[in-house]
Amino acid sequence: MKKTARYFSKKKYLLKTILTSKVKSTIDRYKKCRFWLTKGLWRVANNWKETAPVVSGQTAGIDSMFRGLDENRDLLVKKLNAGQDLYPNCDTSIWLRNCTRDIPTPVQGKIRGKIPEWLSGSLLRNGPGSTQVGNYEFKHIFDSSALLHRFAFKNGLVSYQCRFLESNTYKQNKAAQRIVITEFGTKACPDPCKTIFHRFSNVFKWGDDQSDNAMISIYPIGDEYYAFTEYPIMVKIDPTTLETLNTIDIARMTGIVHHTAHPHMAADGAVFNLATVPKIDGPHYCVVKFPRVDSGGYQYSADEMFGRMCIVATIKCRWPLHPGYMHSFGITEHYFVVVEQPLSISLSTVMVNRFKGNPISSALKWFQDCPTLIYLISRSDGKTVKTFKSDAFFYLHIINQYEEDDNVVIDICCYRDPSMIDCMFVEALQNLNKNPDYAAMFRSRPLRFVLPVNRNPRDGDDVNEHLYVCPEKLCDLGCETPRINDLKIGKKYRFFYAISSDVDSENPGTLIKVDTYNKTCKTWCEKNVYPSEPIFVSSPDAEDEDDGVILSSIIWGGSECTHQAGVIVLDAKSWTEIGRATFITQSPVPKCLHGWYAAAV
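Rules used in this analysis
- Residues numbered from 1 in each chain as written.
- Predicted model: local features only at pLDDT ≥ 70, side-chain atom pairs only at ≥ 80, totals over all residues.
- Heavy atoms only, no water.
- Helix = DSSP H or I, 4+ residues; strand = E, 2+ residues; numbered from the N terminus.
- Buried < 20%, exposed > 50% of the residue type's maximum accessible area, 1.4 Å probe, protein only.
- Areas by Shrake-Rupley, 256 points an atom, 1.4 Å probe, with all protein chains shown as cover.
- Pairing = 2+ DSSP bridges.
- Axes fitted to C-alpha atoms, helices over the stretch in contact; angles between N-to-C directions.
- Core = buried A, V, L, I, M, F, W, Y, C linked by side-chain atoms within 4.5 Å.
- Contact = heavy atoms within 4.5 Å.
- Polar contact = N/O pair within 3.5 Å; in protein donor to acceptor, adjacent residues only side chain to side chain.

*Asks:* Help me understand the overall build of the chain in this model?
*Replies:* Helix and strand counts for the chain stand at eleven helices and 37 strands. Taking all 601 residues of the chain together, the buried fraction comes to 55%. Roughly 26,700 Å² of accessible area belongs to the chain as shown, and the carbon and sulfur atoms make up 51% of that amount.

*Asks:* What's the story with the sheet that holds strand 27 (residues 472–473) in this structure? I'm lost.
*Replies:* Sheet strands pair by backbone hydrogen bonding; their relative direction is either parallel or antiparallel. In spatial order, the strands read 23-24-25-27; together these four strands make up an open sheet with antiparallel pairing. Looking at which strands have only one partner, the edges of the open sheet turn out to be strand 23 (394–404) and strand 27. By the bridge criterion, two bridges tie strand 25 (residues 444–452) to strand 27 in an arrangement that is antiparallel. Bridge assignment links leucine 447 to a residue of strand 27, and that residue is lysine 473.

*Asks:* Got a minute to help me understand the sheet that holds strand 10 (residues 233–237) in this structure?
*Replies:* Pairing within the open sheet is antiparallel, and its four strands lie in the order 8-9-10-11. What marks the edges here is a single partner per strand, and that holds for strand 8 (217–221) and strand 11 (244–249). Sheet twist, expressed as the mean angle between neighbouring strand axes with direction ignored, is 35°. Looking at chain direction, strand 10 and strand 11 are connected through five bridges and run antiparallel. Note on strand 11: the bridge partner recorded for valine 235 is threonine 247.

*Asks:* Would you mind going over the nonpolar core with me for this structure?
*Replies:* In this structure, Phe153, Ile221, Met234, Phe290 and Leu551 are the most contacted members of the largest nonpolar core, which totals 94 residues. The leading source of residues in this core is strand 6 (residues 145–154), at five residues. Once residues within four sequence positions are removed from consideration, methionine 234 is found in contact with Ile221, Tyr226, Ala227, Phe228, Asn246, Thr247, Ile248, Ile250, His259, Phe290 and Phe306. One finds Val338, Ile374, Tyr375 and Val408 within the second-largest nonpolar core, a separate group that totals 38 residues.

*Asks:* Looking at this model, I keep getting lost on the side chain of arginine 443. Mind explaining?
*Replies:* Within the secondary structure, arginine 443 is located in the loop between helix 11 (438–441) and strand 25. Within the structure, arginine 443 has its side chain in polar contact with the side chain of aspartate 70 (distance 2.6 Å). A distance of 3.0 Å separates a polar atom in the side chain of arginine 443 from a polar atom in the side chain of aspartate 504. The residues touching arginine 443, leaving out its near neighbours within four places in the chain, are Phe66, Leu69, Asp70, Cys414, Tyr415, Arg416, Asp502 and Asp504.

Following this line, the structure appears as structure tokens:
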């Protein structure tokens, strides 16, 4: 028996030595691969700078759109040295409040003004609910436990309720009273039961140990509603009770490793989304379709839509080990529009991170000197029609896109670089008033790119060279979470609505209406009030694009108003307040991200 025990002990030691050696060699190979890929990207960048053609009449690059916006840095440094707050009008604690108690039963709001009686439906919202699990704290706002909100409108009255999304991640964290699964910016607390062998085996199991904390958006699929995140899962919710029903794991069904949190709904009810799919020759961007009706007009249920999901367009990522980070995409009558920014996800770092348990945020790589590529993909055959390039920029949200006079026009909320992601780390939010660069890092502008579909290369140009396009500015205010009249998605439109992203403005809590025809804007704000994404709801007798109302959930800054929530109703045409409902809650209410207006729910 002793000999047998010694034999197996020796075998176990040998196996451990071999596996440890293989892990080390694998990591070394990834590091070498990353080194040579980076050198290759620098060569691409240098070549891009030397050969980038300029379209006639376009001379100013994206840098010029932000020039002069941050000239007050010296003043901010002086204020910092004097012990003054740098951004006294901005209260970032609204993101850091921790909801401690669900409100499953609707509570009635106190009405000020008048709520239109024709409004009959629910404004559903999703976003961060709590940055704490037991004695542990998430490091990034995108990691917070998802909290769902519902503002129900009926007969001029409004009720409110909220409930945590009971994802598997949420339930595991709650049971263990610690952060069990690594999130976007937060490393999970070590599990003493998991050895190096467990971690090594999980490196190649893409669906294991992945968060299903869907805290970004809400969209309808068929007659049902789902909470979305960027990991390819969808969590079905009850839009009336906010109860979590079940999780749809798209990754296990199709091999998708990432999809955007902003799908598109077609007129016939079909759902399109942009996904990243690994293949033998490298990762590809794929447009996936969930059909709503068949050729005979039969209407599929949501489950049948998932079962009939298919890929309708594919394009290879430009860098085999660095697929681009995608949060949204565009769709027009004839094209899918994919904007590949030079913010990439290093696959080698992802593999190492999965072994070490590190968050994916450290795998994001930004290549400032490489262009942003914009692909037009035919909706009829899935083939790439044309590729354009522009200066590097970072974006999360596309405002809208449409076809006009042999051009595709696409409007995007653009940043100079992805620094704004770092601005959403909890520590950065807490130290806002100590960072003279914070406002510049969060600075965005809505830019319009006009893509000439039928323009041919000039004489002497390489026929394979991508045409360079330079944008124009739609307004000189920072805009985020843009929304439009949904009937105008993919079509020529005039107005979009957004919240301010300028933390150094006189009132950072500003709602913005932009007229894209005249390049003018209107604003609404109230001291110490912070609105969320504005949702347009068309009036029953609408004739014009902006005939309707804007719904926006609101919270108040300061320590005295943490247990208070509300919703404001603006006349979308005049941009004036019609009415609002306010609610006193038993628990703090943090600021939310995205949502959906569900009519008759």
